[in-house]
Amino acid sequence: MTSDIVEWIFVYIKLILKPFILFVVFFSSFSLYAATQFRVIVDASGSMVISDPDKLTAESLRLIADLAPERETTLGIWLFGEEPRVLLADEPITSEHRERLASYVDSYVTSDVKTDLEAILSMLLREAPVEGSVDQHWILVTDGMVDISLDEKINEASRQRIKGDLLEELVERGVHLHTVSMTGYTDKALLEVLSSQTNASHTEVALPEDLLPTFNKIFSLSSDSDQIPFEGNTFFVDESIDEFTLLVFHSPEKQPLLLDAKNTPVTFNATDKARRVKGKHYSLITVVEPMVGTWRVNNINTKQSTIRVITDLQTKSSQVPTVLFQNEPFFSSLGLYQEDELIQDDAFLRLVTVNKTLNKNNGEVNELVHQESQVPLTDFQYKSQHDGLANVGNYELDSFVDGGSFVRKLVQYFSVVSPVLFEIKSGVAGVMTYSIKPTNLRLNVLRSRLMLEVTSSDGLISEEELPVIGQGYWQRVDFDSDKLFSVRVRLEAITQTGVSFTYWSNYWDIDKTGVVPLIVERLEESKGQISGAQFETDSREVMSVFSPPELVVSEAVEVDDVDEVSEPDVVEINIEEPTVEGAEISESDDLVTGRDLVFYIGINLVVIVVIGLGYFLYRSRKKSKLGASNEKN
């Protein structure tokens, strides 16, 4: 009898604990596979001491941790040089994680002699792929080249492996590899290829102080949010704003002074409605339930600072592609939302003014490219079409919304790159090989046409359409070319979403009269007509903005003495870009929805109730048996 009771006890303990174990596992998995993963890969070579004497790289790592929402984001830090090593393993961001990060990044040493980028990427890719729907943003900070040997051929072989299998695996895993050049001596061509192919940003930092705004921009690419603009050093808070977070950059000698709508200095307390995280060169200030009115902040750099807000009155925009091609037209639309519902009050919307500015980022200076005042209202959205951009580089599209009683700002970052990479190689006996490869999978190679134009020394022009070979690019081998001539290509391009445009490459002048052929690109702006937009599948509706990056792709031409040109196998992957359809975020897009949470809690409650009833019946049955036994005795 005793053994039966013990067995029943174990059975009930298992039944009681099982739903709770499932419940705990469920939430632990939610923490492990957060919505966003940040991995920062930092160059630990000795030259970083010169490139970043104040260790602003370390402060930038702390900035990412301070900006990211707790438990929704994981962060890990790796160092690479002579060999890769983990500084801080991937963990969900918490206050304890931030404290460990601060202690680690302030003390790591940069003294390595070599720079083995291949080793660190290989180590990270050997890990199992991330499970679930996770945005993976890796940030590579370096001030040098691929440098693993005194033999340049060994370095070049490593570089080619990075551009080959490693890059292909990064793309397959959906990793956005943002690259940051600390000096002008980095392998710019390689870094730009890594960023462009993975739909990420490449940034050249002129001064170490620019690292902090760069990391803020990369964080913005991973998380869309409403902002309010600065007007000088003031900003207006309307009654719909529940909370604002002010990220300000300042000198170490001067601390920011925040004044509320009554011109009263704001005091900070960790348990109060106003709190502040202090860095040496930045401050992160959060104010909950802010006072309505005009606020002021002194002693900051307002051009690089941002004000993110939590509000029921939101602005949402269609997504500008992370990577745009030269001459590719694009479309943008913006809608106003009240509690996630598109506002369709035409009378109200016509009182709102929407202006847009397009700027090209040139280091610390933003060059105004185009400005559009009073974007027209169509179907309850403010829509505009943009002509293709001829110059490669990083761009910023700012939308300003003025509703009289409220103002909003929406920032979108993207890059313009050449749609194709034109490579020319000269082999033995003067054989010329022309290879034209897409720089991003947004280009539909099979539907696009590419023409090779050759201009002889006497001015005769011939044009030939090149075929697409099996690996997904265009190629032609010329066994009988002239001694002096020029070449360029014309691409009649079609993107995966059906947008068509025309692109002309620069001219390449080729001189084969000497012992070694000379192949030189004419560094001039491409000529040619920009086609009008032809949108086949773009519904032009509004969706939440997510604009991961910037990039530029340009590589030095190789002169090879080998007759046969071996090309790496490239598998064409047609990626169908999402149609822009509404800003409503479906429940399936989140890792855990409210409905799912209620469902799991309900299951556990039902199980507990059933266990309780079973135990009650067991006790009643046992009591009745004992009573009957006593009566017999």
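As a convention, each chain's residues are numbered from 1 in the sequence order in which they are written. Restriction of local features to residues with pLDDT of at least 70 applies here, the model being predicted, together with a cutoff of 80 or more for giving and counting side-chain atom pairs; totals for whole chains, interfaces and linings are based on all residues. Think of the side-chain values as coming from all heavy atoms in the structure, minus any hydrogens and water.

Regarding the confidence of the model for the protein chain
Stage number 1. pLDDT measures how confident the predictor is about each residue, on a scale from 0 to 100. Across the protein chain, pLDDT averages 80, with 77% of residues at or above 70.
Stage number 2. Secondary structure elements follow DSSP: runs of H or I of four or more residues count as helices, runs of E of two or more count as strands, with numbering from the N terminus. Confidence, expressed as mean pLDDT per element, reaches its minimum in the protein chain at helix 1 (residues 2-32) with 46 and its maximum at strand 8 (residues 234-237) with 97.
Stage number 3. Per-residue pLDDT stays below 50 along residues 525-598; that stretch engages in 198 contacts with residues further than four places along the chain or on separate chains.
Stage number 4. Between two residues, a contact is recorded if the distance between any of their heavy atoms is within 4.5 Å. Considering only residues more than four positions removed or in separate chains, one finds that residues 628-633, a stretch of pLDDT under 50, has zero contacts.

What to know about the pattern of salt bridges
Stage number 1. Throughout this description, the term salt bridge denotes a Lys or Arg side-chain nitrogen within 4 Å of a carboxyl oxygen of Asp or Glu. Counted under the stated rule, the structure contains 26 salt bridges.
Stage number 2. Close ionic contact of Arg39 with Asp90 constitutes a salt bridge, the shortest N to O distance being 2.7 Å. Remark: Asp90 occurs in strand 3 (residues 85-92) and Arg39 occurs in strand 1 (residues 36-43); sequence separation between them is 51 residues.
Stage number 3. Exposed residues in this analysis have more than 50% of their type's maximum accessible area, buried residues have under 20%, and partly exposed residues fall in between, with area computed by a 1.4 Å probe over protein chains only. For Arg39, a relative accessible area of 6% puts it in the buried group.
Stage number 4. Take Asp90: its relative accessible area is 27%, and that puts it in the partly exposed class.
Stage number 5. A salt bridge links Asp509 to Arg522; the nearest nitrogen and oxygen atoms lie 2.9 Å apart. Of this pair, Asp509 sits in strand 33 (residues 508-511) while Arg522 sits in the loop between strand 34 (518-521) and helix 10 (594-632), and the two are 13 residues apart along the sequence.
Stage number 6. Among the charged side chains, a salt-bridge network with shared partners connects Arg39, Asp90 and Glu127.

Here's the deal with the packing of aromatic side chains
Stage number 1. In this analysis, rings of Phe, Tyr and Trp, with Trp reduced to its six-membered ring, are considered paired at centre separations within 6.5 Å, and the interplanar angle assigns stacked below 30 degrees, edge-to-face beyond 60, and tilted for intermediate values. Here the structure, examined in full by the defined rule, presents 11 aromatic pairs.
Stage number 2. Seen from their ring centres, Tyr395 and Phe414 are 5.8 Å apart, and the 10° between their planes marks the pair as stacked. A residue pair is termed long-range when its members are at least 10 positions apart, and Tyr395 in strand 23 (residues 393-402) and Phe414 in strand 24 (residues 407-417) qualify at 19 residues. There is no split in this pair, since Tyr395 and Phe414 are both buried.
Stage number 3. Among the aromatic side chains, those forming a connected cluster through ring pairs are Phe230, Phe235, Phe244 and Trp295.

Here's the deal with the packing of helix 6 (residues 152-173) against helix 7 (residues 188-197)
Stage number 1. To get an axis, fit a line to the C-alpha atoms, keeping to the stretch in contact for a helix; angles then go from 0 to 180 degrees between the N-to-C directions. Axis separation between helix 6 and helix 7 bottoms out at 10 Å; the angle between their running directions is 15°. The orientation of helix 6 relative to helix 7 falls into the category roughly parallel. Like other packed secondary-structure pairs, helix 6 and helix 7 cross with a definite hand, here right-handed. Across the interface between the two elements, Arg159, Ile162, Lys163, Leu167 and Val171 from helix 6 touch Ala189, Leu190, Val193, Leu194 and Gln197 from helix 7.
Stage number 2. In this classification, the charged set is Asp, Glu, Lys and Arg, the nonpolar set is Ala, Val, Leu, Ile, Met, Phe, Trp, Tyr, Cys and Pro, and all remaining amino acids, among them Gly, are polar. Tallied by class, the residues present in the contact of helix 6 with helix 7 amount to seven nonpolar, one polar and two charged. In what follows, roughly perpendicular refers to angles from 65 to 115 degrees, roughly parallel to angles under 35, roughly antiparallel to angles over 145, and oblique to any angle outside these ranges. The handedness criterion is simple: a crossing whose near helix is rotated anticlockwise from the far helix by less than a right angle is left-handed, and one whose near helix is rotated clockwise is right-handed.

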